[in-house]
Amino acid sequence: MQTSIHSSDRFKPSVLRKTVLDMAYAGSTVHIGCAFSIIEILAVLYRNHLRYPDNTPDSAGRDYLVLSKGHGVMAQYACMYERGWLTDTQVQNYFADGSELKGLSDSRIPGLEVTSGSLGHGFSVGVGLALAAKLRFTDQKTYAIVGDGEINEGPIWEGALFAAHHELDNFMVIVDENGFQAMGATKDVMSLGSIESKFESFGFEAVTIDGHDEAALDGAIAALWASPSKRPKALIAKTVKGKGVPFMENNNMWHYTRLNDKTHAEAVAAVAQGA
Amino acid sequence: MRQAFSDTLVALAKADPNVLLLTGDHGYALFDAFRKECPAQYINAGIAEQNMVGMAAGLARAGFRPFVYGLSAFIPVRVIEQIKLDIAHDNLPVVLCGDGAGFVYSHLGTSHQSTEDIACTRAIPQLRIYSPADRFELVRCMTQSYECAQPVYLRMGKADLGDVHAGALSGSIEELIQLRVGSDTRVALLATGSMAKAAVDAHEQFFPDASVWSVPSIKPLDNASILELASRFNAFIVLEEHSTIGGLGSAVTELCSEFHPVRTLRIGVNDRFSHKCGTYQYLRVEHGLDLENIRKKISSFVGLPASVKTA
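Residues numbered from 1 in each chain as written. Chains lettered and ligands numbered in written order. Predicted model: local features only at pLDDT ≥ 70, side-chain atom pairs only at ≥ 80, totals over all residues. Heavy atoms only, no water.

A word on the side chain of B:Ser299
Here is step 1: On the secondary structure map, B:Ser299 appears in helix α11 (residues 291–302).
Here is step 2: Overall, B:Ser299 belongs to the buried group, its relative accessible area being 10%. (Helix = DSSP H or I, 4+ residues; strand = E, 2+ residues; numbered from the N terminus. Buried < 20%, exposed > 50% of the residue type's maximum accessible area, 1.4 Å probe, protein only.)

Right under this line is the structure:
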């Protein structure tokens, strides 16, 4: 549950979800459920943790947010829109011919650090960014958001070994554990067992929390960074795919279903009600 | 060639602390000097090539200049998607050094042989492909890779075949370099990597009137020079220790077919794996890339008699 202490008018989840719905409707596109499960994670990161020294998306010395599960990019667009890094036109004309914002994270857009979409890439790029900060002795932090389905990919575990061996305590992987991947439940496609235990055994300092509880997210992120351990960090966020719209929640068809007039209106109403 | 590689890498790294060497647990003795001279710039990324190339992209984003080393069977082919997406897409200055291209690991079999790497990389936008013939071309390829600050695949083949140049090179590595001058306009030999030495040997032993060029840059290709040669010569012989599909021979014929068609014999690997094992020289013979086979193919193609030692 959100608490009044940590809630804020900035990056309100209901507002972010409304932006996602409007973009998805305008672009007649998919991946809505995948964006909704990481709304609170991104809200908390943008509100309280990500540092952009000169308030521009490409600020020197910034923290890095790597959206390895690039198909959740509408959630990040919503945050970038609120930061003023995207225009009304870009949001309203999502997917219009000749437009720039794609359906997957593309690093040519200031504010997106990686070109992902092929899964298992962003994590390694993030490890490289974290290593760069260590080599330069800066205090920059790198966050890599991965999906639970995405961690089927082998390079994730290659990167995890490296990050732990090189004590990249400035690196945090956030696993969006919504329990689904494209074709079904993760437990049916490729059982993951305890993700927390897996990262622990790879040498990470790991914790599992409710990925929609902003106060819990905020506290867990702060606590992981405050730890004196030199281990890289893993935040396992238990989430709900499609969170915020009852008919989308835990309904995997919203990985690939497009909005029509009716479902858009109903979803917008549901999101407003949940505000 | 390996000594030149090590020396150049050490020199680049000492001149620029942003130069990093990443290796996928390969290059045991090769990097002794680097580890001694620049230990803070040496990273053994473990036997994890995909992560290594992704990390190199992250390091390059943050201003570093990674040289990523591996066997050419793994760098680039195993990590082709990381090269495409993490590096080339964003034009990041990463130099991908693939060692042992062609049949160098002749005894180890298909996993370690690399005759499809050029074909795999050529279609990736913004990626340069350099294929040095000897230590002098290698040094220039490496310095130009650093200077251009763009993604480069550096294809390193058999290292001990001998030099084709008399000394250090100073011009652009992205232009053809003439190795031998001949008066016969019936045929021009264009060769890259290890086969440049074979082309020079063919000239000296069998076709002294044939002109020979080295092509150290597969991409960008020196289109202007090749088309100029196409207008002067009746036929091209293209030699490479790579599949005849998708390599230098393909690049030359694709170019010429559009602007100035010229009969071209592609001498390379004929779309098959190595089924048998043996020395490097054995596999060159087995695939028809030894000097005698080259002589026969050229003679047959352009109607030159065998062993024409014209004055």
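Notes on unusual backbone geometry
Here is step 1: Going from B:Lys219 to B:Pro220, the amide bond is cis rather than trans, its omega being 0°.
Here is step 2: Counting through the fold element by element, B:Pro220 comes out in the loop between β10 (217–219) and α8 (223–232).
Here is step 3: Although it is not a glycine, A:Ser28 sits at a positive phi angle of roughly 45°.
Here is step 4: With respect to the helices and strands, the residue A:Ser28 is situated in the loop between α1 (13–27) and α2 (32–36).
Here is step 5: Assessed through its relative accessible area of 36%, A:Ser28 is described here as partly exposed.
Here is step 6: The backbone of A:Asn55 sits at a positive phi, close to 65°, despite the residue not being glycine.
Here is step 7: Among the secondary structure elements, A:Asn55 is positioned in the loop between α3 (39–49) and β1 (64–67).

Some remarks on the UniProt feature "transmembrane region" (unreviewed entry) in chain A
Here is step 1: Listed under "transmembrane region" (unreviewed entry) in the UniProt record, and renumbered for this structure, are residues 23–46 of chain A.
Here is step 2: Each end of residues 23–46 of chain A is marked by a C-alpha atom, and these two atoms are 20 Å apart; helix forms 75% of the span and strand 0%. (UniProt positions renumbered as here; feature names shortened; annotations may be inferred.)

Section: the nonpolar core
Here is step 1: Judged by nonpolar contacts, the single largest core of 75 residues is most densely connected at A:Phe123, A:Phe171, A:Phe199, B:Leu96 and B:Phe236.
Here is step 2: Each of domain 1 (2–155) and domain 2 (177–302) of chain B gives at least three residues to this core.
Here is step 3: The next biggest cluster of nonpolar side chains, apart from the first, holds 55 residues, and it includes A:Ile38, A:Ile41, A:Tyr46 and A:Tyr143. (Core = buried A, V, L, I, M, F, W, Y, C linked by side-chain atoms within 4.5 Å. Domains from an automatic or database assignment.)

Digging into the sheet that holds strand β12 (residues 263–269) of chain B
Residue and element names in this part refer to chain B.
Here is step 1: Ordered by their spatial adjacency, five strands build an open sheet running β7-β9-β8-β11-β12, and the pairing between neighbours is mixed. Each having just a single partner strand, β7 (177–180) and β12 make up the two edges of the open sheet. Averaged over all pairs of adjacent strands, the angle between strand axes in this sheet comes to 25°, irrespective of strand direction.
Here is step 2: Relative to strand β11 (residues 235–243), strand β8 (residues 187–191) is paired through five bridges, and the arrangement is parallel. Of the residues in β11, the one forming a bridge with Leu189 is Ile237.
Here is step 3: Sitting on the sheet, α8 is in contact with β8, β9 (211–214) and β11, with an inclination near 135° to β11. (Pairing = 2+ DSSP bridges. Axes fitted to C-alpha atoms, helices over the stretch in contact; angles between N-to-C directions. Contact = heavy atoms within 4.5 Å.)

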